[in-house]
Amino acid sequence: MEEMANLLAHIIVSKYQDHLPLYRQSQMWERFEVDLGRATMSRWILQIGDLLSPLKELLRSEILKETYVRADETRAQVLKECDRKAQTQSYMWVYMTGSSSHHAISYEYTPTRKGENAKEFLKGFKGYLHTDGYGGYKALAQSQDITAVGCWAHARRKFADIIKSTGNTTGKSAEALTIIRSLYKIEKDAKEAQYPPDKIQKLRQEKAKPILEKFKVLLKEHKKVIVPKSPLGQAVGYVLRQWGPLTEYLNDGRLDIDNNMAERAIRPFAVGRKNWLFMGNVKGALASAVIYSLIETCKANGVNAFDYFRYVLANINSTPENNYSHLLPWNLKYSLSNLHQ
């Protein structure tokens, strides 16, 4: 059983952390004269997804306990979905705890990008929801006891892209970037000083708020003279439309200035997608969501994913379901760290 757990852990980590498609893994095994076909490994992954799905539900429970949650989403392609063409875009979402002692991350597959998907996952959640400016999240914040928090990295990127495409480093976009950098400098100083949340909030109110008030006035002046549908007009319009969520971070020192943590958590899926291009069917997408959830939670908590999966796969069948919480990555961190000592 231990040998099989080691093999399965190797396949999982190779595909979902190292981004090696199963057909490449099969070719690598051939070099050792081992006949391990893609279909066999694919079947194992589906079974692992079913086996470990209760752990993903526990991750969701941990996320919903929080009062600060982050979310992001990216496109996915599933070839065989009921009543849908193979080229139709589906989506993979990521949700994660915002400021807890341990980090829980949950991937969720959905066939659409509708805000109802986020509403369903976050049913019962009350608190801050940190996202980009996608309207599906806005509708969610309006319908539940949720406060939307915007992402300054997302806003900054719009001005940076203009400079990158035009080469103009002295215009209105450059001016906006300079102002946004000053906001980030305040955050850097607070982090380096290791300020607690209450002191961070006070610092933001004293230093960041006046900068933002002047920035808003400046953007409104720009809006009067620029073409709304131009890249600069769209960048300015985005910031002004998102002004409430973008300035919400001033009110609570636990909140970050941006949603980069969620973007980093979902990036491995986007990197893997470039290698394996698509998922074969919905079962494969759901299994991938389970495995990505656990791998990214391992990484966020400093847990070796290979050690984690080989331990869990070897022990989950002998663990009572009401004790599954003991198998979450942060609860195994100490015991797994001793494996190599």
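Structure's up top.
Residues numbered from 1 in each chain as written. Predicted model: local features only at pLDDT ≥ 70, side-chain atom pairs only at ≥ 80, totals over all residues. Heavy atoms only, no water.

K.L.:
Just to check I follow, could you spell out the nonpolar core for this structure?
P.N.:
Inside soluble globular proteins, nonpolar side chains tend to come together where they are buried. L52, L55, Y107, L129, Y308 and F309 are the most contacted members of the largest nonpolar core, which totals 68 residues. Of the residues forming this core, the biggest block, nine residues, is contributed by helix α12 (residues 282–300). Among the nonpolar cores identified, the runner-up in size contains 38 residues, and I163, I179, I180 and I200 belong to it. (Core = buried A, V, L, I, M, F, W, Y, C linked by side-chain atoms within 4.5 Å. Buried < 20%, exposed > 50% of the residue type's maximum accessible area, 1.4 Å probe, protein only. Helix = DSSP H or I, 4+ residues; strand = E, 2+ residues; numbered from the N terminus.)

K.L.:
Would you take a moment to explain the pattern of salt bridges for this structure?
P.N.:
Think of it this way: side chains of opposite charge can pair up when their charged atoms draw near. Considering all chains together, one arrives at twelve salt bridges under this definition. Across the pair K65 and E62 runs a salt bridge, and its minimum N-O distance is 3.2 Å. Of this pair, K65 and E62 both sit in helix α3 (residues 38–65), three residues apart, which is roughly one turn of that helix. By relative accessible area, which is 60% here, K65 ends up exposed. A salt bridge links R113 to E73; the shortest N-O distance between them is 2.6 Å. Remark: E73 occurs in strand β1 (residues 68–80) and R113 occurs in the loop between β3 (105–110) and α4 (115–121); sequence separation between them is 40 residues. (Salt bridge = Lys/Arg side-chain N within 4 Å of Asp/Glu carboxyl O.)

K.L.:
Even after reading the chapter, I still don't get helix α7 (residues 172–192), so can you show me in this structure?
P.N.:
Side chains three or four residues apart in an α-helix point the same way, a direct result of the helix having 3.6 residues per turn. The first and last C-alpha atoms of α7 sit 30 Å apart over 21 residues, in line with the 30 Å expected at 1.5 Å per residue. Looking at the buried residues of α7, the elements they touch are α6 (152–166), α8 (197–225) and α9 (231–241). Phi turns positive one or two residues past the end of α7, at Q194, with a value near 55°. (Expected span 1.5 Å × (residues − 1). Contact = heavy atoms within 4.5 Å.)

K.L.:
Where do I start with a positive patch on the surface in this structure?
P.N.:
The grouping of K138, K220, K223 and R241 at the surface amounts to a positive patch. Inspection of the secondary structure assignment puts K138 in helix α5 (residues 135–143). (Patch = residues over 30% accessible without salt bridge, like charges linked within 9 Å, V, L, I, M, F, W, Y side chains within 5 Å. Areas by Shrake-Rupley, 256 points an atom, 1.4 Å probe, with all protein chains shown as cover. Lys, Arg positive; Asp, Glu negative; His and termini not counted. Charge placed at Lys NZ, Arg CZ, Asp CG, Glu CD.)

K.L.:
Whenever I open this one, the pairing of strand β4 (residues 127–130) confuses me. Can you help?
P.N.:
For a regular strand, side chains alternate in direction, first toward one face of the sheet and then toward the other. Of the pairings in the sheet, the one linking β4 to strand β5 (residues 146–149) comprises four bridges and is parallel in character. Bridging across to β5, G127 finds its partner in I146. In terms of handedness, the path from β4 via α5 over to β5 forms a crossover that is right-handed. (Pairing = 2+ DSSP bridges. Right-handed = clockwise from strand over helix to strand, strands pointing away.)

K.L.:
When you look at the packing of α6 against α9 in this model, what are you seeing that I'm missing?
P.N.:
Packed helix pairs are characterised by how far apart their axes lie and by the angle those axes make with each other. For the pair α6 and α9, interaxial distance at closest approach is 9 Å and the crossing angle is 165°. As summarised for this structure, α6 and α9 are arranged roughly antiparallel, according to the angle between their axes. Like other packed secondary-structure pairs, α6 and α9 cross with a definite hand, here left-handed. Each of W152, H154, A155, K158, F159 and I162 in α6 lies in contact with α9, whose residues at this interface are P231, L232, A235, V236, Y238 and V239. (Axes fitted to C-alpha atoms, helices over the stretch in contact; angles between N-to-C directions. Parallel < 35°, antiparallel > 145°, perpendicular 65-115°, else oblique. Left-handed = near helix turned anticlockwise from the far one by under 90°.)

K.L.:
Where do I start with the side chain of S106 in this structure?
P.N.:
Along the chain, S106 turns up in strand β3. What makes S106 buried here is its relative accessible area of 0%. Among the polar contacts listed, one links the side chain of S106 to the side chain of E108, at a separation of 3.2 Å. (Polar contact = N/O pair within 3.5 Å; in protein donor to acceptor, adjacent residues only side chain to side chain.)

K.L.:
Looking at this structure, how should I read the packing of aromatic side chains?
P.N.:
Here a ring pair, both rings aromatic, is described through the centre-centre distance and the interplanar angle of the planes. In this structure the tally under the stated criterion is twelve aromatic pairs. The interplanar angle of 10° and the centroid separation of 3.9 Å between the aromatic rings of Y95 and F121 together place this pair among those described as stacked. Residue Y95 is located in strand β2 (residues 89–97), and its partner F121 is located in helix α4; the two are separated by 26 residues in the primary sequence. Comparing Y95 with F121, the two get one shared label, buried. (Phe/Tyr/Trp six-rings, centres within 6.5 Å; stacked < 30°, edge-to-face > 60°.)

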